[in-house]
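Okay, here's what each chain looks like letter by letter:
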Amino acid sequence: MNRKNFYMQSAIDLAAKGKYTAPPNPNVGCVIVEDSKIISKAYHQRAGKEHAEILALKNLKKKVNDKMIMYINLEPCCHYGKTAPCTKTLINSGIKNIEIAMLDPNPKVRGKGVKELRKNGIKVNVGSCKIEAIKINKDFVTKHEKKRPYIIIKQAVSLDSKITSPNKKWISNKFSREDGHYLRAQSCAILVSSKTIMNDNPKLNVRLTKKKLSIKSNIRHPIIVILDTNLSIDITRFKVFKTKTKKIIFNSVKTNFDKNNNIDFIKVVSNKNGLSIQAIMKILSRDYDVKNLLVEPGKSLLSSFLDKNMFDEIIFYKSTSIVGDDGLETVDIEKTYLNTKKIYQDSAMNMLNDVKITYKPKR
């Protein structure tokens, strides 16, 4: 690895530290180098707070000079959002050399930030560690390029493809369940069907400590998204409605905003197969700034996402247990979809006596 890539990879590694707190913003890290030494570094921690490059400048122990090079994994913003444009601060700082891994996919920024910096006498190079930079922000890229969230589908599954057991509460072991909470912690939203709410009465929150997440700020719980075609759920009965977390109930009946309970009822088009998944994904991305979505489905909802090829990853926590005929079954991924070559197995990881299997679509 050459020096330029080493410093850029350092910025990317820093960016990853924000994955539990920065959403819906992208993961961004920045290092400032002088005489082959990193003299300042920072990462973006939370939406509305200072961006990585601004923090890195603030962390400098000396005045900016012409020998310094700034490395950022994402193009600096050049528009007013919750913060002022970073390009203005960079121009005024006196920094003269900036390395950027990738352009911002947001059309408000894409290429415009680089153009503004170059126009004001700053030397800008783009492209170091671009593949790694895209990977760390694959959800942010998906949101802007596909106009939908990056979708991860998660299920715990027995050896005989059952997702419930009459004899025990959990299909997967505690290590798999904890890993699932890390997925929740980095997600902007979590989506389930009304059947899941009524059958399981889940809280759908993140049950990890700040220490485990290596964060100092408060834990950010994902928006709760429920698909309830005919509005059959009684919102006074279930645990999920007793939390302060934002809830969105997509349905075919009405659009209404219940501010007291922090619930948005959103009407979307439906047909004999249920609510339009495509319309829901578009609304979540456009109106709720959801860049990544965790889906925890039953068999029917999983089939809907699979049939529409509306996913980016499927994660099965596969246990060694055999439930038998009394358990609820799910889609047999390997028989139904691997054989049709619509998906492929990307990885498998042991979780004690469970196996975490990740599938991805063939594009």
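(A) Molecular detail of the overall build of the protein. When its secondary structure is counted, the protein shows 12 helices and 17 strands. A globule of 363 residues ought to have a C-alpha radius of gyration of about 21 Å, and the protein, at 22 Å, matches this closely. On the principal axes, the C-alpha backbone points of the protein span a range of 70 × 45 × 40 Å. The buried share among the 363 residues of the protein stands at 52%. Of the contacts made within the protein by residues no fewer than 6 positions apart, 67% connect residues no fewer than 24 positions apart.

(B) Region of the structure containing the sheet that holds strand S1 (residues 29-34). Pairing is mixed in the open sheet, where five strands are placed in the order S2-S1-S3-S4-S5. Among the strands making up the open sheet, the edge pair consists of strand S2 (37-43) and strand S5 (123-126). The average angle at which neighbouring strand axes cross in this sheet is 20°, direction not considered. Sheet topology note: the S1/strand S3 (residues 69-72) ladder contains four bridges and is antiparallel. Looking at the pairing, Val33 lines up with Ile69 of S3.

(C) Up close: the environment of Thr21. By the secondary structure assignment, Thr21 is in the loop between helix H1 (3-15) and S1. Among the residues examined, Thr21 registers a relative accessible area of 4% and is labelled buried. As for Thr21 and Lys259, which are separated by 238 residues in sequence, their C-alpha atoms are 25 Å apart. From its side chain, Thr21 meets the backbone oxygen of Gln45 in a polar contact 2.5 Å long.

(D) Structural context of empty space enclosed by the protein. Throughout the structure, instances matching the rule amount to one cavity of 30 Å³ or more. Approximately 40 Å³ is the volume found for the largest cavity. Lining the largest cavity are Ser161, Phe316, Lys318, Val331, Asp332, Ile333, Glu334 and Tyr359. Elements with a minimum of two residues in the lining of the largest cavity: strand S15 (313-318) and helix H12 (333-338). Across the lining of the largest cavity, the residue classes break down as four nonpolar, one polar and three charged.

(E) Representation of the environment of Ile190 in the model. Mapped onto the elements of the fold, Ile190 is located in strand S7 (residues 189-193). In this structure Ile190 comes out as buried when scored by relative accessible area, which is 0%. C-alpha of Ile190 to C-alpha of Asn261: the two residues are 71 residues apart in sequence and 18 Å apart in space. Setting aside anything within four residues of it in sequence, one finds Ile190 in contact with Arg184, Leu204, Pro222, Ile223, Ile224, Val225, Leu293, Leu294 and Glu296.

(F) Main features of the pattern of salt bridges. One pass over the structure, following the stated rule, counts 18 salt bridges. Here Lys291 ties to Asp139 by a salt bridge, and the two come within 3.8 Å at their closest N and O atoms. Here Lys291 is found in the loop between helix H10 (277-288) and strand S14 (292-295), whereas its partner Asp139 is found in helix H6 (residues 138-146), with 152 residues between them in sequence. Accessibility assignment for this pair places Lys291 and Asp139 in one class, buried.

(G) Structural detail: H10. In this model, H10 (12 residues) spans 15 Å end to end at C-alpha, consistent with the 16 Å of a helix rising 1.5 Å per residue. Within the sequence span of H10, burial applies to Ile277, Ile280, Met281, Ile283, Leu284, Ser285 and Tyr288. Directly after H10, the chain includes Asp289, whose backbone phi takes a positive value near 55°.

(H) Inspection of unusual backbone geometry at higher detail. Each neighbour pair has its own omega, and for Pro23 with Pro24 the value is 10°, a cis peptide bond. We note that Ser161 has phi near 60°; this positive angle belongs to a residue other than glycine. Position of Ser161 among the secondary structure elements: in the loop between strand S6 (150-157) and helix H7 (174-185). Judged by relative accessible area, which is 11%, Ser161 ranks as buried. Positive phi outside glycine occurs at Leu231, with the angle close to 50°. With respect to the helices, strands and loops of the structure, Leu231 is situated in the loop between strand S8 (223-227) and strand S9 (247-251). Its relative accessible area of 24% is what places Leu231 among the partly exposed residues.

Reading the values: rules and limits
Residues numbered from 1 in each chain as written. Predicted model: local features only at pLDDT ≥ 70, side-chain atom pairs only at ≥ 80, totals over all residues. Heavy atoms only, no water. Helix = DSSP H or I, 4+ residues; strand = E, 2+ residues; numbered from the N terminus. Rg over C-alpha atoms; globule rule 2.2 N^0.38 Å. Buried < 20%, exposed > 50% of the residue type's maximum accessible area, 1.4 Å probe, protein only. Contact = heavy atoms within 4.5 Å. Pairing = 2+ DSSP bridges. Axes fitted to C-alpha atoms, helices over the stretch in contact; angles between N-to-C directions. Polar contact = N/O pair within 3.5 Å; in protein donor to acceptor, adjacent residues only side chain to side chain. 1 Å grid on protein atoms, 1.4 Å probe; cavity = no way out; pocket = protein on both sides within 12 Å on 5 of 7 lines; lining within 4 Å. Points joined across faces, edges and corners; volume = space filled by probe spheres on them. Nonpolar A, V, L, I, M, F, W, Y, C, P; charged D, E, K, R; others polar. Salt bridge = Lys/Arg side-chain N within 4 Å of Asp/Glu carboxyl O. Expected span 1.5 Å × (residues − 1).

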